[in-house]
Each structure stands twice: as C-alpha cells, then as structure tokens.
Protein chains: 2
Amino acid sequence: MNHEQYYLDHAAATPLDERVLEAMQPYFLHDFFNPSSPYAPAVKVRQAYEEAKQRIAQVIGGKGNDLVITAGATESINLMFASITGHVVTSSIEHHAVLEAAAQHDHTFVVPNEKGMISSESVKAAIRPDTELVSIQLANNELGTIQPLRDIAEVVRVERRRRADAGESRPIYFHSDASQGLGQIDVHVARLGVDALTINAGKMYGPKQVAALWTDRFVRLAPIVYGGGQERGLRSGTENVAGTIGFAVAAEFAAGHAGGEAKRLGALRDSLEKQLVTSFPTAVISGARKKRLPGHLHISFPGLDAERLIFLLEAQNVYVATGSACAANKGTRSHVLTAIGLAPEVADGSLRLTLGRLSTTKNISAAAAILIRVIGAEMERVGR
Amino acid sequence: MNHEQYYLDHAAATPLDERVLEAMQPYFLHDFFNPSSPYAPAVKVRQAYEEAKQRIAQVIGGKGNDLVITAGATESINLMFASITGHVVTSSIEHHAVLEAAAQHDHTFVVPNEKGMISSESVKAAIRPDTELVSIQLANNELGTIQPLRDIAEVVRVERRRRADAGESRPIYFHSDASQGLGQIDVHVARLGVDALTINAGKMYGPKQVAALWTDRFVRLAPIVYGGGQERGLRSGTENVAGTIGFAVAAEFAAGHAGGEAKRLGALRDSLEKQLVTSFPTAVISGARKKRLPGHLHISFPGLDAERLIFLLEAQNVYVATGSACAANKGTRSHVLTAIGLAPEVADGSLRLTLGRLSTTKNISAAAAILIRVIGAEMERVGR
C-alpha cells in the first residue's frame, strides 16, 4: 500500500516550517516571561518581540510600529473594518471574513469579470462621498486571480486628493487582504500602493492564529478588544511572543524565496494543468490564466460532483479542496464561482488544487496520475 | 556566580509545560490541516479539536459546545461584554481587560473592602433594572483575594427571578474572570454559580494567547469578529488546533493537581511570608489572609521604592512584580492598591510574589534569603 500523501490544499493550511518551530521553542519553555514585566529577562523578551515585529514589517516594506499583531487574518480584517464608520467598497469574491465584516457597514460589493478580476473602474464607480474603506484582496483564495491593486490604489488616491481639495475631512483608506500570496508573489506595501494590509503567518508555513494588520501612519485604527493597552492600545492582551517570532522567521523565508518558489510552483502547476486538460478536454480552467498565483489551479469537470471526487481522492491520499475551506461555506455553492458566472453544472464539479512546499516534482507527477484515474473513472460512471 | 533563577511572578506568566508542548507538536508539523477541510486527515483534526474543547469544558464542569475558544482572556472578556448592551456591574479592582470593556458601557464599579474583598451586598446594591451583566473576578491578580462568587451568583439569581416574576425580558448574566486560580483552587461553573466564565491557558502552564469563554446555555453571545462562522458564529477564524489541544492538557493537569499544589504552594508561601514579616516588622500584608490564592503573597515595605527593589532583586536573579504586569499600568500607581485604601507610601513599596511550579522548597528558601538581604540593605539605605 502506498502511504505517500498528496497534499494539494496549501491555500487552506500550510504545515509549520521546522525552522519556525525551532525559533519559537525557546519562548515556550524558557523565555516565557510576560513582555510587560519589568525585570531583565522579560525586557529581553519584549525586545525580541519588537524586533520580530520589525522583521515582519520589513518583509512588506513597512515599519514594526505600524503593525498590529493579531490572532489571525480574520481578526486583522475585522480590526480594519471596525475602525471606520462610513460606507465600504469591497468585492463580492472576498473571503468570508471581509464579506461579513463589510456586512456590518453600509457597503457596495463590486463584481468581478468572468476571470475573477476586479477592475479599478468598477471600484471607482462604487466609491461614494461617504466611502471610508476600499478593501480588495491581493489574490482570490478560490481562483488564485491576482487583483490589480496598484490601479485600485490610484483610484483611492485620486478620491483622497479630491476630498482634500474640496476641504472634506472624511478619510478613505485602501486595505487589502493579502492572506494568500506572500511567498509566491511580491507583497510590498509601497509597490502595491495600499494604506493597510492584512498578512497571515498561518498561510506561509508560520504558526496558525498569528497575523498582522499593517497600516500607513495616517490610518486611524480603533480597537475591537479593550484591556491592558498592548499594541498601542489597538489590541489588548498579553502579546503572542513565540507566535510573532515564528511569524518573522516564516515571513522572511517566504519572501526571500518567493521568486524561486513561484517559478518552481508555476512549472509544476502548468504541468498538472496540461495533463488534466489533455486527459479531460471538457475541463474548465477558471481564474485569470496570466494573473494567477503560481501554485493555484482551479479546474471544473462539468457533470461531476466535486464532493464525491474529494472522497474518492481522499481514499488515494490525495487531498484537494472544493471552494473555500471556510466553515460558513459548507453545503452551499461557492459565492466566488457564482460571482464569476460559472454555470451550476460546472461549478459543482470544481476542484481547487493549490501547490506549495510539499509539492515536489515526484509528488505532483504521482498526484496527477491518481487524479486522472479517479476523475476518468467518475466520468465513465456518470457517462460523460 | 549563582545562575539559579528565582521566579516569583507566576501570576504574570507561566512556562509552558513540556507535556503540553509534546501534545501540541504533532499539530504543528504533521496534522496541520484546516479543521474545516473535508478530507479524512482534516476531519480527524476537527475531531481532535472538538474533543480538546470537551476536555477543557469538563475540567470546569461544562460542555465543549458551550465554550468559545479565543486568543486570550482579554478577548474572552471582551466577547462577553460586547454581547450585552445594558448596564454593567463590576468591581474597581478587576483586571484592565474588564475595566476597559466595562468602560464601553454604562457601568457601576463596586468597591472592595480593605482586604480586596467584594461583598455580595455591594453588588446587590449596584444592580439596576437595566443591568445586564455582573462581572466579578474569581481571584484578584494583585492581592490574590478570592471573591465570594457563590454569594454574588445568588444575588444575580434573585434578580433574574424577580425580573421573570415581573414579566421583564431583560437578561442578567453573571460572568467571572477566572484567569487566576485554576490549578490552585476549585473552578467549577456549577459550584461557583456563574453563568459565564473566562479561563486562560497561558496562566496555567498552557500555551499563551489561548483562552476560552464558557457560557451557560441561556446566555446569548454576539460576536466581535465576523467571518467564516467558526465557533458557532461567535468567533470566526481558523481554529487554533494545536493551542486548544495544549489548553486541554494544561487544564486537566492543573485541575487534577490543584489540591496537592495548593497545599504545597500554601506552605511555601506561608514560610516565605513568615520570614519576611519576622525580618521586617513594618511590612504590610495585603489581601484576605484566609481567602487568598495559596501561591500569592502581596507585601509592602513602607518607605521603600518597589521599582528600585525590582531592579536590585533582578541583579540577584529574583524576579518579582510590582502591581499588575499589564502595559497600561506602567508608571502609575496600582488601581487595586488605591481601591483598598493603601496609603501611597505603603503602596509604592509593594511587591507581588506569586509562587508556582518553579517554586521548590530549595528555590524559595534561597529566594527568601536574597529578598531579606536586598530589602534589609535598602531599608538601611533609606534609614527606616
């Protein structure tokens, strides 16, 4: 029996890098001190924590002081949204964290084109005089489509300038949920043009439930959790020292290897895609072919039932996703696939295959063979 | 040179138990799957997570489904407070998390007696027809005073019955912040009589930034973080699987050994207290002598400067606290010591010595000798 695992769901979760765990270890057992305590070993822990924040910030071209460390991307996003009171512009294909945070406000959902791309024109058209936040993801977590953040940032900047010229005091911020992307593509706040950015350690081989919200100096945040006043009063609670140090190691490694990893994953993904499309000419690839995360493949097999496929593949140790892994999504059709107008018959046969560090050439080659065998048998069964 | 450490600040932070780390380890590297993913290994992770919640709940006499796992006691407390809209009754000596969460509401701060004890009568007097939450800590984090939760619970129950009889629909809940106490004293929701309870892994040799809010079935919570709908929609975000499993191991161990540990720590604390009081007859012990956490000693040396003492002791590897370790507290006089009416001259010379698993007989005996030497020299210096 073959005990090898074929993990094609890196967008849902990534294993912790052993080097990250090693970096965290001392802070679990020995340097466990409360960073707010006054004695020397605790002060050292505080310094290590602040230094880790600085290192995380540097990876995205920011400063440590402009980061709020949170317990996950969902919290980061909620912190950003809770900080404004006005109208929100976001897209209909965001992660549930953004959709639900937006639902607490007067909001407009911009719709993507059929490739899952949000145009800056549609964002521009949705901005109102009372809009205070535009939030567009860096890359879509189902399709892998990379959004034109620079263009959208320019639209927000123009509106900000217009307000300044008109003497209007209402702020407008551009936030991006970059939970997906770091480690595969360039994630740099100045180059992206964002005013606020959510990044997520748990999706880049770092510890789970550790994330950050970076904001530019002029962005005014308001806490959702009150208490001891940590994180400049924006996120009270004893700091997650081990987690933040792990985050720093993971972020540096992910960003430092992004170029090579993108090339490697892109080649593997393209090969996998080619094999599947060649074997199944009716297969539909979704997302923007040329503006896609390198490790991302969204493929639909019209007439097949993706949930059945997942269980058939699971029996062969191939682990893939259908739609987003979010709990809220269970048993319903993906809001992303609906938004890009995928026919229900196509949408229901969709797999999301996301490659990452566990994807070696050999592993993907074997996974492709299993996928082709299982999907082929299923097509035969349903008579396609 | 003596390299032994004398850690007398267990109320600020506890080291992670090695058995806890061992239990977490597989979920970092191998069973890293997103618990919302559909394939078998992820389903196993989900089961392990739910089982861990069940185990944590059992420790306090509750059910796993009635727990919301959070990223720290501060978040748990904020979740409870954000769930109500009416008036709040709490005490003036709560942790900053409670004080600041209460400040978001119309609130009444009940004041303690000179031992830091909150009477049920004072809570009763503060309850108004629009009161929706009473929140009183299990044990004070500075003084160690254990509050009469059962009596306060009875006051809340009587008010609830009165409202039911009067046909009033406004709820009233009794929450307790039990961040301090588990592992030293009995923490059981039915025996305490609480409707909601915050417990904190990071203070019981479990992982930092993992806590829970337990609520009785009739308590209606409302989320502060929106998204994927995890934790029955009350706390969105991918679950902290490793942390929750670590929490379960830590909680079971802490509760299972609470009796023996209380006896052991109580004897060590009493011995330390006796030595200090004998050496320094002007020393003032604060808190309720007979209703105090066994490992807790709050002692003031009138005329001395506690901050100076901390640095002098640090040079001898003795680590102690003055007041709470919370960031918000820095450079200001403790709100707890002010509330119990301690004279400024006494308050400013206060040390909080909290014993725990690192406190062996030998370690405490050596620490006592250093404390006596350092404090004695300091008394001589200031001419007391």
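Residues numbered from 1 in each chain as written. Chains lettered and ligands numbered in written order. Predicted model: local features only at pLDDT ≥ 70, side-chain atom pairs only at ≥ 80, totals over all residues. Heavy atoms only, no water.

(A) Representation of the pattern of salt bridges. All names here are of chain A. What the rule picks out here adds up to 52 salt bridges over all chains. Note that Glu50 and Arg46 form a salt bridge whose closest N and O atoms lie 3.0 Å from each other. Here Glu50 pairs with Arg46, and both are found in helix α2 (residues 40–59), just 4 residues apart, close to one helical turn. Put simply, Glu159, Arg162, Arg163 and Glu168 are held in one network by salt bridges that share partners. (Salt bridge = Lys/Arg side-chain N within 4 Å of Asp/Glu carboxyl O. Helix = DSSP H or I, 4+ residues; strand = E, 2+ residues; numbered from the N terminus.)

(B) Region of interest: the packing of aromatic side chains. Under the definition given, this model contains 17 aromatic pairs over all chains. Judged by centre distance (6.3 Å) and plane angle (20 degrees), the rings of A:Phe28 and B:Phe28 are stacked. In this pair, A:Phe28 sits in helix α1 (residues 18–29) while B:Phe28 sits in helix α1 (residues 18–29), so the two residues belong to two different chains. Comparing A:Phe28 with B:Phe28, the two get one shared label, buried. One aromatic cluster is present, built from ring pairs that chain together A:Tyr7, A:Tyr319, B:Phe32, B:Phe33 and B:Tyr39. For the cation-ring pair, A:Arg357 lies above A:Tyr205, with the distance from its terminal atom to the ring centre recorded as 3.8 Å. (Phe/Tyr/Trp six-rings, centres within 6.5 Å; stacked < 30°, edge-to-face > 60°. Buried < 20%, exposed > 50% of the residue type's maximum accessible area, 1.4 Å probe, protein only. Lys NZ or Arg CZ within 6 Å of the ring centre and 35° of its normal.)

(C) Fine view of helix α9 (residues 258–279) of chain B. Its 22 residues give α9(B) an end-to-end C-alpha distance of 31 Å, which sits within 8% of 32 Å, the value for a rise of 1.5 Å per residue. Among the residues of α9(B), those classed as buried are B:Ala258, B:Glu261, B:Ala262, B:Leu265, B:Gly266, B:Leu268, B:Arg269, B:Leu272, B:Glu273 and B:Leu276. (Expected span 1.5 Å × (residues − 1).)

(D) Just the side chain of A:His87, in detail. Residue and element names in this part refer to chain A. Residue position: His87 is located in strand β3 (residues 87–91). Looking at His87, the relative accessible area reads 0%, which means it is buried. A polar contact of 2.7 Å, which involves the side chain of His87, links it to the side chain of Thr131. Not counting chain neighbours up to four residues away, the residues in contact with His87 comprise Asp106, His107, Thr108, Ala126, Arg128, Asp130, Thr131, Glu132 and Leu133. (Polar contact = N/O pair within 3.5 Å; in protein donor to acceptor, adjacent residues only side chain to side chain. Contact = heavy atoms within 4.5 Å.)

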